[in-house]
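Understanding the architecture of this molecule
Residues per chain, in single letters:
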Amino acid sequence: MSRTMYSKLYGLMEKGDVERRTILSPFAVALFQDGELKYHEGEGDWDKADVVETIKAEPHLVIFGGGHVSKAIADNAHLLSMKVTVIDERSEMANRERFTHGEEIIVESYSSFFNGDHDFFRPYYIIVTHGHIHDKAALRWCLGKKYAYLGMIGSKGKVAKTFAALEEEGISEDLLSTVHAPIGLPIGAVTPEEIAISILSEIIQVFRETKYSVTLDPQYLKKASGDQGIAARIIEKSGSAPRAVGSEIFISRSGEVYGTVGGGKVEKETIDEARRMLEDGSGEKVIHYNLSAASDLGMICGGDVTILFTRVS
């Protein structure tokens, strides 16, 4: 498999979900988006592919505002292993003392930020600033970008007023209809922590609309598209194996490791096998791992996984 495949996958994922279809023998792989074939390596009957996965980008929350709701969102997003960026013009609100989980913090006036060159990969925009004027400016900016989710806090009256003003500026009703506003699921939330739970619940609902999907870190794809090595991907699982079909790990020629197929002994065996392949030059192979407690790889989760190893060059 070529690095071009990962480069194409990266580019398509910027636009939305991607379906990857794999034929094991002879090996062939194709990328589909919105039902259309976008790229393939090898030939075959794609309707009879051995493995079909829907690939989504891992959620990246971009929060406008560093107040109490923002902090509660970031704290709970950490528990969900979501990447978070916080933007606020107030250094007393957006700082490492308040946001302690490794969030990216951008302290800059909103007007300066909106005039700058900023781009995020399939972001989940959350607008919770300290003023209606900033919320409106943030919403206007976000509507001009690509996003997986866009939500703005506020009462129904404030939302209607903001939408009407933006329509007068030429923003279409169809585009405004993609905004989740008032933001969050209607669970009667009152406190910042409850509001954060309602917002994250809505984001999870949007993210999980596609069943049987797998998430990949865009940085993983960039690494695989820029380096040579071995990609190992789960193509079948049963029982309580910890990672879903489609989960990947990449072992570069220089020995760097990106991604995961579940950790523990099975991941160590996968990495060791990839390194053997790098040494002996072998091609694609499929290996089945038994994770039951009675096996050599016995893990508390149990189950079985089948992993496809492919050379990336």
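Anyway, here's the lowdown on the structure attached to this text. Every residue gets a number counted from 1 within its own chain, in the order that chain's sequence is written. pLDDT decides what is reported in this predicted model: residues at 70 or higher carry local features, side-chain atom pairs at 80 or more are listed and counted, and totals for whole chains, interfaces and linings draw on all residues regardless. Hydrogens and waters are ignored; side-chain quantities use all the structure's heavy atoms.

1. What about a negative patch on the surface?
Put simply, the test is: Residues forming no salt bridge and having over 30% relative accessible area are the ones grouped into patches, like charges within 9 Å of each other and nonpolar side chains (Val, Leu, Ile, Met, Phe, Trp, Tyr) within 5 Å. Here the accessible surface of atoms and residues is derived via Shrake-Rupley with a 1.4 Å probe, and residues count as covered only by protein chains that are part of the display. For this document, the term salt bridge refers to a Lys or Arg side-chain nitrogen within 4 Å of an Asp or Glu carboxyl oxygen. Positive charge is attributed to Lys and Arg, negative charge to Asp and Glu, and no charge count is given to His or to the chain ends. To locate a charge, take atom NZ for lysine, CZ for arginine, CG for aspartate or CD for glutamate. Comment: elements are numbered from the N terminus, with helices defined as DSSP H or I runs of at least four residues and strands as E runs of at least two.
Side chains of E167, E168, E173 and D174 sit close together on the surface and give a patch of like negative charge. Listing elements by their share of the negative patch, those giving two or more residues are α5 (156–168) and α6 (173–176). Note that E173 resides in helix α6.

2. Let's talk about the packing of helix α2 (residues 68–79) against helix α7 (residues 192–207)
Applied cut-off: Working convention: axes come from line fits to C-alpha atoms, limited for helices to the stretch in contact. Angles between N-to-C directions cover 0 to 180 degrees. Working rule for angles: under 35 degrees goes down as roughly parallel, over 145 as roughly antiparallel, 65 to 115 as roughly perpendicular, anything else as oblique. It is the rotation of the near helix from the far one that decides the hand of a crossing: anticlockwise by less than a right angle makes it left-handed, clockwise makes it right-handed. Every residue pair with non-hydrogen atoms within 4.5 Å of one another is taken to be in contact. Here the term charged refers only to Asp, Glu, Lys and Arg, the term nonpolar to Ala, Val, Leu, Ile, Met, Phe, Trp, Tyr, Cys and Pro, and the term polar to all other amino acids, Gly among them.
At a minimum axis distance of 8 Å, the contact between α2 and α7 shows a crossing angle of 55 degrees. The angle between α2 and α7 falls in the class oblique. Seen along the crossing, α2 lies across α7 with a hand that is right-handed. Between α2, through H68, V69, A72, I73, N76 and A77, and α7, the contact on the second element is made entirely by P192, E193, I195, A196, I197, I199 and L200. The residue inventory of the contact of α2 with α7, partitioned by class, reads 10 nonpolar, 2 polar and 1 charged.

3. Let's talk about a nonpolar patch on the surface
Taken together, L79, L80 and I204 make up a surface patch of nonpolar side chains, about 280 Å² in accessible area. Along the chain, I204 falls in helix α7.

4. Looking at the pattern of salt bridges
When the charged atoms of two side chains with opposite charge come close together, those side chains can pair. Our working definition: Three exposure classes are used, based on accessible area relative to the maximum for each residue type with a 1.4 Å probe and protein chains only: buried under 20%, partly exposed in between, and exposed over 50%.
Scanning all chains against the criterion turns up 19 salt bridges. Between R21 and E19 there is a salt bridge whose closest N-O contact spans 2.5 Å. R21 sits in the buried class, given a relative accessible area of 14%. On the accessibility criterion, E19 (23% relative accessible area) is partly exposed. Here D227 ties to K223 by a salt bridge, and the two come within 3.5 Å at their closest N and O atoms. By relative accessible area, which is 18% here, D227 ends up buried. Residues joined by salt bridges that share partners form a network here, namely R20, E53, R233 and E248.

5. Some remarks on the nonpolar core
For clarity, the cut-off: Nonpolar cores are built from buried Ala, Val, Leu, Ile, Met, Phe, Trp, Tyr and Cys residues. Side-chain atoms within 4.5 Å join them into one set.
Core analysis: the biggest nonpolar cluster contains 25 residues, and F64, Y125, L139, L143 and L150 have the highest contact counts within it. Among the secondary structure elements, those contributing two or more residues to this core are β5 (60–64), α3 (110–114), β8 (124–127), α4 (132–143), β9 (149–152) and α5. When residues in this core are grouped by element, the largest group, 6 residues, is from α4. With residues up to four places along the chain from it excluded, the contact list for L139 reads I127, L150, M152, T162, F163, L166 and V179. In terms of nonpolar packing, the next biggest core, distinct from the first, is built from 23 residues, I63, V86, Y124 and V128 among them.

6. Overview of the sheet that holds strand β6 (residues 83–88)
Backbone hydrogen bonds are what pair the strands of a sheet, in a parallel or an antiparallel way. Going by this rule: Strand pairing requires that DSSP identify at least two bridges connecting the strands.
Spatially, 5 strands are ordered β7-β6-β5-β8-β9 in an open sheet, and the strand pairing comes out parallel. Here the strands that pair on one side only, and so sit at the sheet edges, are β7 (104–107) and β9. Looking at each pair of strands side by side, their axes are set apart by 15 degrees on average, direction ignored. Pairing between β8 and β9: 4 bridges, direction parallel. Along β9, the bridge assignment pairs Y124 with Y149. Packed on one face of the sheet, α2 meets β5, β6 and β8 and runs near 170 degrees to β5.

7. Section: the side chain of T129
Worth spelling out the cut-off: Polar contact is defined as a pair of N or O atoms within 3.5 Å, subject to the rule that within protein one atom must be able to donate a hydrogen and the other to accept it, and that residues adjacent in sequence are counted only when both atoms are side-chain atoms.
Looking at the element boundaries, T129 is found in the loop between β8 and α4. For T129, the side chain forms a polar contact with the side chain of D135, separated by 2.5 Å. Other than its neighbours up to four places away in sequence, T129 contacts F64, G65, Y110, H134 and D135.

8. Observations regarding unusual backbone geometry
P26 follows S25 through a cis peptide bond whose omega is -10 degrees. Secondary-structure assignment places P26 in the loop between β1 (18–23) and β2 (28–33). A cis geometry characterises the amide bond from A181 onward to P182, with omega recorded as -5 degrees. Tracing the sequence through the fold places P182 in the loop between α6 and α7. Although it is not a glycine, D34 adopts a positive phi angle of roughly 55 degrees. On the accessibility criterion, D34 (77% relative accessible area) is exposed. With phi around 60 degrees, S81 is a residue other than glycine that occupies positive phi space. With respect to the helices and strands, the residue S81 is situated in the loop between α2 and β6. Look at S81 and you get exposed, because its relative accessible area is 66%.

In short, geometric facts, not functional conclusions.
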